[in-house]
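# Chains, contacts and geometry: an overview
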Amino acid sequence: MKQKTLVWLLAAVLLPALAGCGRQEDAKLTVYAAASLTETLTEISETYKDAELCFNFDSSGTLATQIEEGSACDLFISAAPKQMDQLEEDSLLADGTRLDLLENQVVLAVPEGNPADISSFDDLAARLKAGEIHLAIGNGDVPVGQYTEKIFDFYGIDAGAAADCLTYGSNVKEVTTQVFEAAVDCGIVYATDAFSAGLTAVDAATPEMCGQVIYPAAVLKDAADREAAQAFLEYLTGDEAGAVFASVGFTPLT
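Residues numbered from 1 in each chain as written. Predicted model: local features only at pLDDT ≥ 70, side-chain atom pairs only at ≥ 80, totals over all residues. Heavy atoms only, no water.

### Overview of the overall build of the protein
The helix and strand tally for the protein stands at eleven helices and twelve strands. Residues classed as buried in the protein amount to 52% of the 254 residues present. Accessible area for the protein stands at about 11,100 Å²; split by element, carbon and sulfur atoms hold 49% of it. (Helix = DSSP H or I, 4+ residues; strand = E, 2+ residues; numbered from the N terminus. Buried < 20%, exposed > 50% of the residue type's maximum accessible area, 1.4 Å probe, protein only. Areas by Shrake-Rupley, 256 points an atom, 1.4 Å probe, with all protein chains shown as cover.)

### As for helix α10 (residues 226–236)
Burial in α10 covers these residues: A228, A229, F232, L233, Y235 and L236. Mapping the buried residues of α10 onto a view down its axis gives an arc of 155 degrees, with all of them on the same face. (Arc of directions from axis to C-beta.)

### Points about the pairing of strand β5 (residues 99–104)
In terms of strand pairing, β5 meets strand β11 (residues 213–219) through five bridges, oriented antiparallel. Bridged to L102 within β11 is Y215. By the bridge criterion, two bridges tie β5 to strand β12 (residues 251–252) in an arrangement that is antiparallel. Of the residues in β12, the one forming a bridge with E103 is T251. (Pairing = 2+ DSSP bridges.)

### Thoughts on the nonpolar core
In this structure, L37, L41, I77, L135, I188, F232 and L236 are the most contacted members of the largest nonpolar core, which totals 78 residues. Tallying contributions element by element places α10 first for this core, with six residues. One finds L63, A64, M84 and A218 within the second-largest nonpolar core, a separate group that totals eleven residues. (Core = buried A, V, L, I, M, F, W, Y, C linked by side-chain atoms within 4.5 Å.)

### Topic: the sheet that holds strand β6 (residues 106–110)
Strands belonging to one sheet form pairs held by backbone hydrogen bonds; the direction of such a pair is parallel or antiparallel. As summarised here, the arrangement of the five strands in space is β8-β7-β9-β6-β10, forming an open sheet in which the pairing is mixed. Pairing within the sheet leaves two strands with one partner each, and these edge strands are β8 (166–169) and β10 (200–204). Sheet twist, expressed as the mean angle between neighbouring strand axes with direction ignored, is 35 degrees. One ladder, built from four bridges, connects strand β7 (residues 135–138) with β8; its direction is parallel. Counted as the bridge partner of G138 is G169 from β8. Lying on the sheet, helix α6 (residues 143–155) is in contact with β6, β7, β8 and β9 (186–190); it crosses β9 at an angle near 120 degrees. Helix α7 (residues 172–180) contacts β6, β7, β8 and β9 of the sheet and is inclined by roughly 145 degrees relative to β9. (Axes fitted to C-alpha atoms, helices over the stretch in contact; angles between N-to-C directions. Contact = heavy atoms within 4.5 Å.)

Here is the structure:
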């Protein structure tokens, strides 16, 4: 398992910010997508024939900021509605293109063998309050960190009081890597990232704990080729792309 998932780890760490520009077609699309979509969109790009796809994978907050500052982007896929709402409020989305593409889950993942013997979120909350474990979470400005904050609120966990037990990542891949390397006892990540890294998820957060984990997508108003961007978005809602998303644990919503 360790050797197999090492391939995933190297890809997640070494993948440049802009990836997937391997096709030579007339239509060229720049897709900004949440880091948790790295594996699935890279796989989908290998079979999509209608455009050259260039991906920028990072935290949704970072990507939204880049778009607001004028970075060229044709299609944006966020790991939470908040970042898409921000762009919509700033009138940066093409009218009528926004949709809810996918649903994910927030899970509690542990390193191979689960050395700390963590069994659930209930167990995590009790042992975190007691200062007995080391947990990796996302920064507060990224969706996985914001979902974690809701989980902390649900359990009455004071992040400040637990500061010595917490480490942070600037996106979900950084959190997942800390768990994979057993640098921490556990981490709060998406189900799809735990799956891609070969990690065990010992528990999944309920909607009551952190809400639904919805991935919205939309074409940008200033897209260089709106028609091509819309065509790729429609492809992502189809059965072929849906099968790829479902294979790692996403739930297609369209």
